[in-house]
Amino acid sequence: MNVLLDNFPEFRDGFIGTVSITAVSSVIALVLGVVIAGFRVSPVPPLRYFGTAWVTLMRNTPLTLLFLIFFFVVPEILFPGMSPFVLGSLALGFYTSSFVCEAVRSGINTVPLGQAEAARSIGMTFAQTLRIVVFPQATRTVIPPMSSIFIALTKNSAIAGAFSNTELFGWQKLMSDQGYAIIPVFIWVALGYLVVTFTISGLFRLLERRMEVAR
Amino acid sequence: MSASVLYDAPGPKAVVRNRIYAVVGTLVIAALIGVSVLRLADKGHLAPEMWDIFNYAGIRQNIADALVATLKAFGLAAIGSLVLGVVLAVGRLSDHKPVRWAATTFIELFRSLPLLITIYAIWVGFLTDHSMWALAAGLSVYNGCVQAEVLRAGVNAVPRGQSEAAYALGMSKTQVMVTVLMPQAIRSMLPTIISQLVVTLKDTSLGFIILYPELLQTARLIASNTQVNGQYPYVSTIAVIGTIYIVLCLLLSSLATWIEKRGRRAKTGIAVAPAVQAPGTIDATAGTFGTNADGAGGAGGAGAATDGAGGAGVAKD
C-alpha cells in the first residue's frame, strides 16, 4: 500500500500515460487499418499487393523492433526531435493496424455474397449496397475480434514505457529502481492495466449488445 | 476478385477506372518509398560504409550468437508454454471447483497483463542474474495461459459423443482426457498453437528490457557502439535484424498454414482452426469453439469466411 500512496502522483501520471497512448494509437490503428483493408479488398491489384505486403510485414515484425525503427529511423526520414509519445503512438498504431485490417477484411468476407447480389438486383447503387447492406452486417461481425485487438493494444503499450514514455511500466521500473519490493508494485501496475482492459471489454460488450440482431 | 461481396465483375468503364487507380496508386506508393530512401541516403544512412560493418567477423559472430540466444529462449519458452498450457487446460476442465477456479484465475490474471510487466517482475523479483530464465519463464507463463485457452477450445470442439463413448467403454477420466480428447484437441488446434508460437518468437524481443543478449538487444548494441562517418548505423542494423526476424516468423507461420491446409483435407469431422495470429489474445477463437457447439461442424464450410480474424465468433466467457 505504501508504494502507491508514497508515489501516487507518479502512478497517476503513468496511468494517464497508458490511457492516452492507448487512445491515440487506437485511433491511428483504426483509421489506418480500415484504409488498408479497403486496399486489400479493392479491385486494383497494386493496392491489393501493397495491403498484403503491409499486413505480412507488420504482423511478422516484433513490436519492439518496430519501436526501434520509429525511434531511430523515422525521425531521420521526417524530421528530428519528434516526441516519444508521438513516435510510440505511431509505432503501436501501425503495428495494430495490420490486425485491424485483417479483422475488417474478414468481417466483409463473412457477409454472404447473395446479400450484395440481392441489393444490386433491386437497383441499389454501390454506395447504398455498402452503407445499407454490407457495412452494418460486417460491423457486427467485427466487434468481438476488435475488442481483443484493442485489449492487446493496451497491453502492448507497456513497451512504449521502455522507450521513455510516461506510463505504467515506466512506473514499475522506477519503483523497483528505488528499491521497493517488486510484488506490491506488480500488483498495483496489474490493477492499473486491469482497469483499462476491463473498461475496453465492457464498452465493446455494450456495443455488441446494442447492435445485436437476430440472423 | 471476380466474386467479391463488394464488386460485380467490372465492365469496360470500371476496367479503365481501375487501371487509372492502379497507376496512380503505384505512383503514390513508389513516391513515398522513394522519398524515404532519398531522405535516408541524404543523411548518409545508405552509404556503403554503413553496410560494411557486416563484413567484420566480430559483428557476424555477435549476430550469430544473438540468433542462438533468441532461439534458445524461444525453445525454452515454447516447451514451457505448451506444458503449462496442457496443465492449465486440464485444470480449467477439472471437475473439482477449487482446481477450476485456481486455473481460471491464473489464466485470466496473466493473460490480461502486459507480458513486459510479467517478465520484468520475474526478473527483478526472482531471477535477476539469470535473464534467459526470466525471459523464458515470463514467456511461458503468458503464452501458457493463451495455449491453455486454445486447448480448452479444442477439447470443447471435440464432439460430445467421443467422450461419452469413451466413458461407456469404462475408461477413467484421465484415460478419456489423455487418449481421446487431448489428441484430437491438439490436432485440430495445431495451426492456432503454432501461430501462438510465432507470437512467442516475436515476444522474445522483449528480452532487451532485461538485458538478455538476444537479436534486438544485440542490434541496439551494435548500432550504438559502432560509429561510421560520425553516425550510428541504425538503419542498416535494423534492416538486417528485421529481415532475420521476419524470415523466422514467416517460416513458422507458413508451417501453420500448411498444417491447416492439410487438416482441411482430413475427414475427421472436427474443424481445424484457422492459422491466424491473434494480436496477443485468443478470445475470438476460444469463443467460437467454446460457446457455439455448431461452430465445430460449421467452421469447415465457413473456413473461407472466417479466414483472417480467427473466427469472427463471439467471445462470451
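Everything numeric in this text was worked out from a predicted model, so none of it was measured.

*Asks:* In this structure, what is going on with the overall build of chain A? I would like to understand it.
*Replies:* Along its length, chain A carries 11 helices and zero strands. Counting from the amino terminus, helix and strand elements in chain A follow one another as α-α-α-α-α-α-α-α-α-α-α. Taking the principal axes of the C-alpha coordinates as reference, chain A spans close to 70 × 45 × 25 Å. By residue count, 55% of the 215 residues in chain A fall in the buried class. The long-range share in chain A, meaning contacts at least 24 apart out of those at least 6 apart in sequence, stands at 76%. For chain A, the computed accessible surface area is about 9100 Å², with 69% contributed by carbon and sulfur atoms.

*Asks:* So what exactly am I meant to see when it comes to the confidence of the model for chain B here?
*Replies:* Interpretation of this model should avoid reading the predicted coordinates in detail wherever pLDDT is low. Residue and element names in this part refer to chain B. Mean pLDDT for chain B: 80, with 85% of residues reaching 70 or above. Counting contacts from residues 281-317, a segment whose pLDDT is below 50, to residues more than four positions away or on other chains yields 70 contacts. Model confidence for the complex: the whole-complex pTM is 0.83, and ipTM, which rates the interface, is 0.83.

*Asks:* In this structure, what is going on with unusual backbone geometry? I would like to understand it.
*Replies:* Excluding glycine, most residues fall at negative phi; most peptide bonds, likewise, are trans. Of note in the backbone geometry, Leu211(B) takes a positive phi value of approximately 65 degrees without being a glycine. Tracing the backbone through its elements, the reader meets Leu211(B) in the loop between helix 8 (173-203) and helix 9 (215-225).

*Asks:* How do you make sense of the interface of chain A and chain B when you look at a structure like this?
*Replies:* Put simply, an interface is often sized by how much accessible area is lost when its parts join up. Listed by partner, the interface residues are 69 residues for chain A and 69 residues for chain B. Between chain A and chain B, a total of about 5800 Å² is buried, with carbon and sulfur atoms accounting for 72% of that surface. Looking at the side of chain A facing chain B, the largest losses of area belong to Asn60(A), Glu76(A) and Lys155(A), adding up to 12% of the total buried there. At the boundary of chain A and chain B, one finds zero salt bridges. One can count 12 residue pairs in polar contact (both at pLDDT 80 or more) joining chain A with chain B.

*Asks:* Quick question: what am I supposed to make of helix 6 (residues 131-157) of chain B here?
*Replies:* A turn of α-helix holds 3.6 residues, and therefore any two residues three or four places apart point the same way. With 27 residues, helix 6 of chain B should reach 39 Å at 1.5 Å per residue; the first-to-last C-alpha distance of 38 Å fits that figure. Burial analysis of helix 6 of chain B places 24 of its 27 residues in the buried class, which makes it a mostly covered element.

*Asks:* Looking at this structure, how should I read the side chain of Gln217(B)?
*Replies:* All names here are of chain B. Topologically, Gln217 is positioned in helix 9. On the basis of relative accessible area, Gln217 is assigned to the buried category, the value being 9%. Aside from chain neighbours lying at most four places away, what touches Gln217 is Phe208, Leu211 and Tyr212.

*Asks:* What is the right way to read the UniProt feature "transmembrane region" (unreviewed entry) in chain B from this model?
*Replies:* All names here are of chain B. Residues given the UniProt feature "transmembrane region" (unreviewed entry) here are residues 20-41, 62-89, 109-127 and 232-259. Along residues 20-41 one finds 100% helix and 0% strand; the C-alpha atoms at either end are 31 Å apart. Between the first and last C-alpha atoms of residues 232-259 the distance is 43 Å; the span itself is 93% helix and 0% strand.

*Asks:* Please clarify how the UniProt feature "transmembrane region" (unreviewed entry) in chain A should be interpreted in this entry.
*Replies:* Residues and elements named next belong to chain A. UniProt records the feature "transmembrane region" (unreviewed entry) at residues 15-39, 60-79 and 181-207, using the numbering of this structure. Summarising residues 60-79: 70% helix, 0% strand, and an end-to-end C-alpha distance of 27 Å. Taken end to end, residues 181-207 comprises 96% helix and 0% strand; its first and last C-alpha atoms sit 40 Å apart.

Conventions used here
Residues numbered from 1 in each chain as written. Chains lettered and ligands numbered in written order. Predicted model: local features only at pLDDT ≥ 70, side-chain atom pairs only at ≥ 80, totals over all residues. Heavy atoms only, no water. Helix = DSSP H or I, 4+ residues; strand = E, 2+ residues; numbered from the N terminus. Buried < 20%, exposed > 50% of the residue type's maximum accessible area, 1.4 Å probe, protein only. Contact = heavy atoms within 4.5 Å. Areas by Shrake-Rupley, 256 points an atom, 1.4 Å probe, with all protein chains shown as cover. pLDDT = per-residue confidence, 0-100. Buried area = accessible area lost by both parts, 1.4 Å probe. Salt bridge = Lys/Arg side-chain N within 4 Å of Asp/Glu carboxyl O. Polar contact = N/O pair within 3.5 Å; in protein donor to acceptor, adjacent residues only side chain to side chain. Expected span 1.5 Å × (residues − 1). UniProt positions renumbered as here; feature names shortened; annotations may be inferred.

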